[in-house]
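Chain and residue survey
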Protein chains: 2
Amino acid sequence: MNSHLNIPTSTNPRIVIVGGGFGGIELAQQLKNKPFQIVLLDKHNYHAFQPLLYQIATAGLESYSIASPYRALFDRHNNLIFRMAEVTEVLPSEQTIRTTIGDLKYDYLVIATGSTTNFFGMQDVKQHAMPMKSIPQALDIRSMLIQNFEKAVNLEHKSDEQESLIDIVIVGGGPTGIETAGALAELRNHVLPTDYPEIDFKMMDIYLVELGPRLLAGMSQEASSKTKEFLEELGVQVWLNTGLVSYDGYKAVFNNGKTILTTSLIYAAGVAGVVPAGFNKEAIGRGNRLSVDSKLRVKGFTNIFSIGDVASFIQEGKQVPLPMVAPVAMQMGTYLANYIKSGKDQYPDFVYKDEGSMATIGKHKAVVDLKYWKTQGTIAWFIWMFVHLMSLVGFGSKVFVFLRWTQAYLGSDKKHRLIIRPYRKPSAE
Amino acid sequence: MNSHLNIPTSTNPRIVIVGGGFGGIELAQQLKNKPFQIVLLDKHNYHAFQPLLYQIATAGLESYSIASPYRALFDRHNNLIFRMAEVTEVLPSEQTIRTTIGDLKYDYLVIATGSTTNFFGMQDVKQHAMPMKSIPQALDIRSMLIQNFEKAVNLEHKSDEQESLIDIVIVGGGPTGIETAGALAELRNHVLPTDYPEIDFKMMDIYLVELGPRLLAGMSQEASSKTKEFLEELGVQVWLNTGLVSYDGYKAVFNNGKTILTTSLIYAAGVAGVVPAGFNKEAIGRGNRLSVDSKLRVKGFTNIFSIGDVASFIQEGKQVPLPMVAPVAMQMGTYLANYIKSGKDQYPDFVYKDEGSMATIGKHKAVVDLKYWKTQGTIAWFIWMFVHLMSLVGFGSKVFVFLRWTQAYLGSDKKHRLIIRPYRKPSAE
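Residues numbered from 1 in each chain as written. Chains lettered and ligands numbered in written order. Predicted model: local features only at pLDDT ≥ 70, side-chain atom pairs only at ≥ 80, totals over all residues. Heavy atoms only, no water.

Take the sheet that holds strand β12 (residues 168–171) of chain A next. All names here are of chain A. An order of β11-β18-β12-β13-β14 is seen for the five strands of this open sheet, with the pairing classed as parallel. Edge positions in the open sheet fall to β11 (130–131) and β14 (236–239), since each of these has one partner strand only. Two strands pair when backbone bridges link them, and β12 and strand β18 (residues 264–267) are joined in this way by four bridges, in the parallel orientation. Within β18, the residue paired with Val-171 across the bridge is Tyr-267. Along the sheet face, helix α9 (residues 221–233) touches β13 (206–209) and β14 and points at about 140° away from the line of β14. (Pairing = 2+ DSSP bridges. Helix = DSSP H or I, 4+ residues; strand = E, 2+ residues; numbered from the N terminus. Contact = heavy atoms within 4.5 Å. Axes fitted to C-alpha atoms, helices over the stretch in contact; angles between N-to-C directions.)

Structure follows, in structure tokens:
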């Protein structure tokens, strides 16, 4: 399409933000009602609170609890225009982007397109495994799991076919992998036996497979060890130093020589940046991320910025880029807003302030690394709960989401185990 | 598949209930822990509170508020086995049903398969219109409407293309049609202008088209007239005595010579019974429903019953069958449970006790027909709210659903306007 986006002209400079993840919305919030015309583009009509996607997949929360429509989020911003669209190409020489609904000129462009699942070229895994980077994908996982149990009840006890429908493999020992494994183990231990008295859940195996030598590689050694211990207490089989070799939708083969029969392989092992066409090789670094300088400008440009997962920023004195996590994205958003508002070229560099990190494995089982304090277990779990609830209640109708979530998480609410849209396996290509 | 369903043998007679709508679950509830083996089959894993489907379609409620997983609903029944399956054929000579997951013998069979949308042979309408008989269909309507608004904002003001994305036609002036029209009118009047300041909602037309001479043909003349008046107050254009002739996904043609350009045509004009294969012509009556006698036995059988929408029961002294509504289904379920429990052939006939009917058009706008009292307006609306809330809070976590629903219905909650799974128009066949 070569038509133009239907955006009113403005005397203020136009900042186009591509992507409404943590970075994009933080930037937009900080520019609220400032003398810029903000155009926010996203392929979804809502911002998703990604750290809790695993709760959608494991039927702990309903979508609306972790999603907030952009039009509601920004209804008091008089300088922001939202459009649901994907950017297909950037044309820097014309200060224009090409999108699925037309072209648009920009004064400043901010690429905040985030990351997607990286299958490292394994086509069979890409076709048959379930990624978990969006709400529709998380809902697909939920539907698939429940459909599998419903099928399994009618099959011969402990047959290969029945076991393959019940056993679950999670590939990737990062936060998403360990939180999903923990939540599934708790479902198996406390909820599923009541739902499916026909099935002997002692035979349900949950495997967490990690290529590296430890779980949560981004956290401390204490956090890693304790996470493995917590998962094993819950009955998860943790395989370290193990890579997935192939998966045909039924048989998963690993480089330790072992094979698992499963129809449910959740893939959370790799991510890569999502970069629109139009950038040259110099701008794109490892993991398909845009290399940014100390002002978050994409290499080679003065009015194109990048923040969040897609931005590869190497802090002074470090060897590797900052991790692809929400706090980095949000701090980048805040910095960029201040930098643009300042209107100055001479401006302090971006410096990431690491506030620590945390992950939860299950009820009363979490790990927290702060700068001067590390803790694991019940206290860590309360810290995790507090931080996530506080972040989440920024979303819409605060009190209700708070109560609903507390009830859903603490109680044994059964309302979410609905196959509201059946999952269908993609047909072979 | 010719394998058998994996159901344990029992010394008690086996009652197979096909379909977990209002009739099926009422029957199962009344037989709780009685000396029968109940096998409940349904193609979904949850019971849906159908009268509120329009709230899902118009983004007023989330699915879990009106759906209840069978396994949670019946977790205290020690004589009930649920299986997610569709019945493909009944083999009465072998007392067996054939299902998508295997065959099953029965002692008593209860067909409670409900009804589906009847397009009266109009293939183009079937392909392009949106029916609303299930939660996935209602979610599709919601996604389609929001996607259309998101598209419309980028189009030329008042162009044909923009108007076709915004105007909505609802075909069918029964309860579903009028409740949907009312809810959409309220969205247009109060909610959408804030979400989409780019669109002039004065140009958004909502049409309600009914083939007969009045709306809500099953209710009193007063209710019909007042409903039309309420809808017109809300700005809905009501066309009576008008039939849909054709619809190609863009242009809807009516037998009054008029044409409306719309990409959103919601079809709620006709229903037909869903009857599994295996019944002969004598058993199947008008509207593809199973003719049942005064004991709810399907014509020609002594151990096959039918209840709910799919059952065509003509009360003593009446000309037409009972209407396809929830109270009929529930009373049939209760009667059948008592009849089967009695074990007697000599048993009083089924008699439907009409408790009245009601429908809501919008806030403070409802119509109620009771036996000795008819009322329309605010009092009717409070009665409608009370009755529906009381029915609904039977579902799962009562207090939360009650609060959530009250808030969602009374407030201006914006949380549900999420395109969590994009709707894709079916491709031409």
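Moving on from the model shown.
What follows deals with the pairing of strand β2 (residues 37–42) of chain A. Residue and element names in this part refer to chain A. Among the six residues of β2, six are classified as buried, and the element is accordingly described as predominantly covered. Neither face of β2 is open: one carries Gln-37, Val-39 and Leu-41, the other Ile-38, Leu-40 and Asp-42, and all of them are buried. For strand β1 (residues 14–18) and β2, the ladder comprises five bridges, and the chain directions are parallel. Pairing of Val-18 across the sheet is with Leu-41, part of β2. The β-α-β motif built from β1, the intervening helix α1 (residues 22–30) and the parallel element β2 has right-handed crossover chirality. Pairing analysis gives five bridges linking β2 to strand β5 (residues 80–84), with the strands arranged parallel. Pairing of Ile-38 across the sheet is with Leu-80, part of β5. (Buried < 20%, exposed > 50% of the residue type's maximum accessible area, 1.4 Å probe, protein only. Right-handed = clockwise from strand over helix to strand, strands pointing away.)

Right, let's talk about the confidence of the model for chain A for a bit. Averaged over all residues, the pLDDT of chain A equals 91, while 92% of them reach at least 70. For this predicted complex, the interface confidence reaches an ipTM of 0.88, while the overall pTM sits at 0.91. (pLDDT = per-residue confidence, 0-100.)

On the surface, Tyr-372, Trp-373 and Ile-379 of chain A cluster together into a nonpolar patch covering about 420 Å² of accessible area. One can find Ile-379 of chain A in helix α11 (residues 378–392). (Patch = residues over 30% accessible without salt bridge, like charges linked within 9 Å, V, L, I, M, F, W, Y side chains within 5 Å. Areas by Shrake-Rupley, 256 points an atom, 1.4 Å probe, with all protein chains shown as cover. Salt bridge = Lys/Arg side-chain N within 4 Å of Asp/Glu carboxyl O.)

Turning next to α9 of chain A. Residues and elements named next belong to chain A. Here α9 spans 18 Å end to end across 13 residues, near enough to the 18 Å set by a 1.5 Å rise per residue. Every buried residue belonging to α9 is among Ala-223, Ser-224, Thr-227, Phe-230 and Leu-231, and all of these are buried. Buried residues of α9 fall within an arc of 130° about the axis and therefore sit on the same side. Where α9 is buried, its residues contact α8 (175–195), β13, β14, β24 (357–362), β25 (365–369) and β26 (374–377). (Expected span 1.5 Å × (residues − 1). Arc of directions from axis to C-beta.)

What follows covers the environment of Lys-158 of chain A. Residues and elements named next belong to chain A. Relative to the helices and strands, Lys-158 resides in the loop between α6 (135–152) and α7 (160–166). For the pair Lys-158 and Met-204, spaced 46 residues apart in sequence, the C-alpha separation works out to 9.9 Å. The contacts of Lys-158, once residues within four sequence positions are left out, are Glu-163, Asp-200 and Met-203.

Looking now at the packing of aromatic side chains. Residues and elements named next belong to chain A. Counted by the stated rule, this structure contains 32 aromatic pairs over all chains. Ring geometry for Phe-149 and Tyr-196: centres 5.5 Å apart, planes at 40°, overall tilted. With a gap of 47 residues between them, Phe-149 in helix α6 and Tyr-196 in the loop between α8 and β13 connect regions that are remote in the sequence. Using a relative accessible area of 5% as the deciding quantity, one classes Phe-149 as buried. The buried category is assigned to Tyr-196, whose relative accessible area is 2%. By the ring-pair criterion, three or more aromatic residues cluster together here, those being Tyr-108, Phe-305, Phe-313, Tyr-335, Tyr-339, Tyr-347 and Phe-350. Stacked on the ring of Trp-239, the Lys or Arg Lys-258 has its end atom at 5.0 Å from the ring centre. (Phe/Tyr/Trp six-rings, centres within 6.5 Å; stacked < 30°, edge-to-face > 60°. Lys NZ or Arg CZ within 6 Å of the ring centre and 35° of its normal.)

All right, on to the environment of Thr-227 of chain A then. Position of Thr-227 of chain A among the secondary structure elements: in helix α9. A residue is classified by how much of its surface remains accessible, and Thr-227 of chain A, at 0% relative accessible area, is buried.

Turning our eyes to something else, we now look at the sheet that holds strand β20 (residues 284–285) of chain A. Residue and element names in this part refer to chain A. With mixed pairing, the three strands of this open sheet are ordered in space as β20-β21-β23. Every interior strand has two partners, whereas the edge strands, β20 and β23 (311–312), have only one. As paired strands, β20 and strand β21 (residues 289–291) are joined by two bridges and run antiparallel to one another. The residue bridging Ile-284 from the neighbouring strand is Leu-290, located in β21.

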